[in-house]
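Results of the structural survey
So you can see what is in the structure, the chains are spelled out below.
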Amino acid sequence: HPCTITLVRDTKRGRVLLARKAEWAPGRYALVAGFVDNGESLEGCVRREVKEEVGVDVGEVRYVGSQNWPFPSQLMCGFVAEYAGGDVVVDTTELEDARWFPWNELPIRPARHSIAGFIIQNYSRPGA
């Protein structure tokens with residue numbers, strides 16, 4: 001079950017878009033993620049999931065790495081996507097909240113051995 005996990009960044013304003021599910025611990029946010037549909041490309045999945053879950057459009061989509069994920073037997077494919085426009089509109093059937101955070105005030109510190117941690121550590125800063 002391949003899925004994508006994506007850091008959406010607005011490099012002009014030095015911020016990144018993070019999302020949270022209602023069942024998570026208070027204050028926990030993460031990258032936008034979702035399963036690849038049958039016949040869909042990974043890049044197409046990034047664009048669709050970001051649009052569906054948080055309502056914004058992305059321009060350039062860049063693959064940065066992958067990681068196996070055992071819940072429930074997935075391959076997480078990591079991407080960085082550049083914000084192209086639109087207002088944040090949260091799909092409340094999927095998420096509780098999504099918002100922009102300054103790159104140096106992120107409310108998350110994922111494990112450094114996770115693909116999310118790798119992406120945040122290497123791509124959340126302007127110029128990365």
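Scope of this entry: the structure provided in the associated data block. Treat the numbers as computed from the prediction; the structure is a model and nothing was measured.

**Regarding the environment of Arg20**
Inspection of the secondary structure assignment puts Arg20 in strand S2 (residues 15-20). Arg20 sits 10 residues away from Ala30 along the chain, and the two C-alpha atoms are 6.1 Å apart. Setting aside residues up to four positions removed in sequence, Arg20 forms contacts with Ala25, Pro26, Gly27, Arg28, Tyr29, Leu95, Glu96 and Asp97. A polar side-chain atom of Arg20 sits 2.8 Å from the main-chain carbonyl oxygen of Arg28. In this structure the side chain of Arg20 is engaged in a polar contact, spanning 2.6 Å, whose partner is the side chain of Glu96.

**Focus: the side chain of Ser124**
Tracing the backbone through its elements, the reader meets Ser124 in the segment after helix H2 (115-123). A distance of 2.7 Å separates the side chain of Ser124 from the backbone oxygen of Ile120, its partner in a polar contact. Beyond its immediate sequence surroundings of up to four residues, Ser124 is in contact with Leu7, Val16, Trp103, Leu106 and Ile119.

**Notes on the pattern of salt bridges**
Across all of its chains, the model carries 10 salt bridges by this definition. One salt bridge connects Arg48 with Glu40, and the closest N-O pair in it is separated by 2.7 Å. In this structure, Lys51 and Asp57 form a salt bridge, with 3.2 Å as the shortest nitrogen-oxygen distance. Relative accessible area serves as the criterion here: at 40%, Lys51 is assigned to the partly exposed category. Relative accessible area serves as the criterion here: at 36%, Asp57 is assigned to the partly exposed category. Residues joined in a network through salt bridges with shared partners are Asp37, Glu40, Arg48, Glu49 and Glu52.

Definitions and limits used
Residues numbered from 1 in each chain as written. Predicted model: local features only at pLDDT ≥ 70, side-chain atom pairs only at ≥ 80, totals over all residues. Heavy atoms only, no water. Helix = DSSP H or I, 4+ residues; strand = E, 2+ residues; numbered from the N terminus. Contact = heavy atoms within 4.5 Å. Polar contact = N/O pair within 3.5 Å; in protein donor to acceptor, adjacent residues only side chain to side chain. Salt bridge = Lys/Arg side-chain N within 4 Å of Asp/Glu carboxyl O. Buried < 20%, exposed > 50% of the residue type's maximum accessible area, 1.4 Å probe, protein only.

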